[in-house]
Amino acid sequence: MSLKVSKYAASIAALLMLSAIANGQKPESEPFGKTKDGTAVEVYTLKSSKGLVAKIMTRGATLTELHLPDKDGTIADCILGWDDVAGYESEDNQYFGCTTGRVCNRIAKGKFTLDGKEYTLAINNDLNHLHGGVEKSLDKVVWTAKTWGGEKASGVTFTYKSPDGEEGYPGNLTVSVTYSVPRDKNNLSISYKATTDQATPVNLTNHAYFNLSGAGSKTVLNHALLVNAESYTPNDETLIPTGKIESVEGTDLDFRKFTRIAKRVKNFDEKPEIGYDHNFVLKPKPEGKKMVFAAALRDAKSGRQMRIMTSEPGIQFYSGNFLKGQVGKDGKTYAHRSALCLETQHFPDSINHENFPTTVLKPGEEFTSQSVYQFSTFVPRKNAGKAKGKKSESKNDEK
Ligand code: GLA
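Parameters and conventions
- Residues numbered from 1 in each chain as written.
- Predicted model: local features only at pLDDT ≥ 70, side-chain atom pairs only at ≥ 80, totals over all residues.
- Heavy atoms only, no water.
- Helix = DSSP H or I, 4+ residues; strand = E, 2+ residues; numbered from the N terminus.
- Buried < 20%, exposed > 50% of the residue type's maximum accessible area, 1.4 Å probe, protein only.
- Polar contact = N/O pair within 3.5 Å; in protein donor to acceptor, adjacent residues only side chain to side chain.
- Pairing = 2+ DSSP bridges.
- Salt bridge = Lys/Arg side-chain N within 4 Å of Asp/Glu carboxyl O.
- Disulfide = S-S within 2.5 Å.
- Phe/Tyr/Trp six-rings, centres within 6.5 Å; stacked < 30°, edge-to-face > 60°.
- Lys NZ or Arg CZ within 6 Å of the ring centre and 35° of its normal.
- Near = heavy atom within 4 Å.
- Areas by Shrake-Rupley, 256 points an atom, 1.4 Å probe, with all protein chains shown as cover.
- Nonpolar A, V, L, I, M, F, W, Y, C, P; charged D, E, K, R; others polar.

A. A look at the environment of Ser162. Inspection of the secondary structure puts Ser162 in strand β12 (residues 153-162). A relative accessible area of 3% places Ser162 in the buried class. Linking Ser162 and Val141, residues 21 residues apart in sequence, is a C-alpha distance of 9.4 Å. Polar side-chain contacts of Ser162 include one of 2.7 Å to the side chain of Glu166.

Spelled out as structure tokens, the structure:
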């Protein structure tokens, strides 16, 4: 009898397990601590079956960890961050992994005019407004989270309602960001939605700092980058676009073929950007497609590589020029140019440039944006002969 009961129990358990797999499991959450004002912060974990583990917390809908296998299957966390909320609240945090907005990057002199009314925002970067403001920019507020799990993917959607006038921006803005990971691929998708009750500028990105050798590795200069852009938006001396769109041909911004970052970054040492800090104009989306291939990054040391697809018209390549040796997760030091950002976006300061694709969201419209970060490994050239069954990438290889 007892044998019968346990057989019965075992088959019920097996059935439950099968149905959990079929329905997909929702991401799990755990407490991550509290903000200075006492608000509880949760962190959610997304996993693929191929080794990717992403953690995202409710403060700033921020990607706090991104673990990826290297060419030998060794896992490392490849983005910068902090072990606790206090780290993220500290002055050393330069937007690590956060959702950036309401308008990412710069707005000249913190001013814009919309429907005949002039708006003034906080000046927090030289003469300009940067990354949505000071106290209640989207990276600093705590979002609410809702998880879901499907057969093929699971994810978490963070929502925040930004009241009219917050950080000086017009309109009550409801904004959501969904992070999702498919079960069988090392892809991380980040998609955004926003609605408003008054016309208002919106430009959202994720500000993850990548080092594919693992966060805290000495430099990112040996990574090779490819950007699918024929042109870029030149900056003035305060890093505001002049409004021109210029060809990358013959410039140090030509990344149409894989190029080691070290090769030309020094040419910017004396420029206002003090390194790469430029917006590239991506090639248009192929007909009928929602996204375009934006950029690819390769690290020969680990064999990790990343491809970025996006629905956005631009991407900011920032080579970690302001990193200053702050100590982050696991006591690791984040030296100058030890990580880089590839921020999919509308062009900086679009609200003040009529020739740029518009960032104005109107009542009744829905803002949408999606970027997918695809991770895989490759066999670096010098080892290519040794490895069996793995393809060496020679196409578009480093210059
Ligand atoms: C963006 C900007 C940079 C810098 C970083 C944060 O990438 O373009 O100039 O402000 O954010 O430090």
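B. The sheet that holds strand β18 (residues 229-233), seen in detail. The sheet built from five strands is open, its strands ordered β19-β18-β21-β24-β27 with antiparallel pairing. Because the sheet does not close on itself, it has two edges, and the strands there are β19 (246-247) and β27 (341-345). Relative to strand β24 (residues 314-318), strand β21 (residues 277-282) runs antiparallel, the two being bridged by five bridges. Residue Val281 lies in a different strand from β24, and its bridge partner there is Gly314.

C. Here's a closer look at the side chain of Asn321. Within the secondary structure, Asn321 is located in the loop between β24 and β25 (326-327). Separated by 3.0 Å, the side chain of Asn321 and the backbone oxygen of Tyr276 make a polar contact.

D. View of the pattern of salt bridges. One pass over the structure, following the stated rule, counts ten salt bridges. The shortest N-O distance in the salt bridge between Lys283 and Glu230 comes to 3.7 Å. Of the two residues, Lys283 is situated in the loop between β21 and β22 (292-299) and Glu230 in strand β18; the sequence distance between them amounts to 53 residues. A salt bridge links Asp269 to Arg337; its shortest N-O distance comes to 3.0 Å. Placement of the pair is Asp269 in the loop between α3 (262-265) and β21 and Arg337 in the loop between β26 (333-334) and β27, with a sequence separation of 68 residues. The class of Asp269 is partly exposed, set by a relative accessible area of 30%.

E. The state of the cysteines, seen in detail. Applying the stated rule across the entire model yields zero disulfides. There is no disulfide at Cys341, and the cysteine sulfur nearest it, in Cys98, is 9.1 Å away. Assessed through its relative accessible area of 0%, Cys341 is described here as buried.

F. Layout of the packing of aromatic side chains. Tallied over the entire structure, the rule returns 20 aromatic pairs. Clustering of aromatic rings is evident, with ring pairs tying together Trp82, Phe96, Tyr209, Tyr318, Phe322 and Tyr334. Taking the ring centre of Phe258 as reference, the NZ or CZ of Arg298 above it sits at 4.2 Å. For the cation-ring pair, Arg298 lies above Phe378, with the distance from its terminal atom to the ring centre recorded as 5.0 Å.

G. Spatial organisation of the site of the ligand. By nearness alone, 13 residues border the ligand, and Arg106, His131, His207, Asp277 and Glu343 come closest of all. At a separation of 3.2 Å, an oxygen atom of the ligand approaches a polar side-chain atom of Asn105. Summarising the interface, the protein chains cover 96% of the accessible area of the ligand, which totals 300 Å² for the free molecule. Residues of the shell around the ligand, tallied by class, amount to five nonpolar, five polar and three charged.

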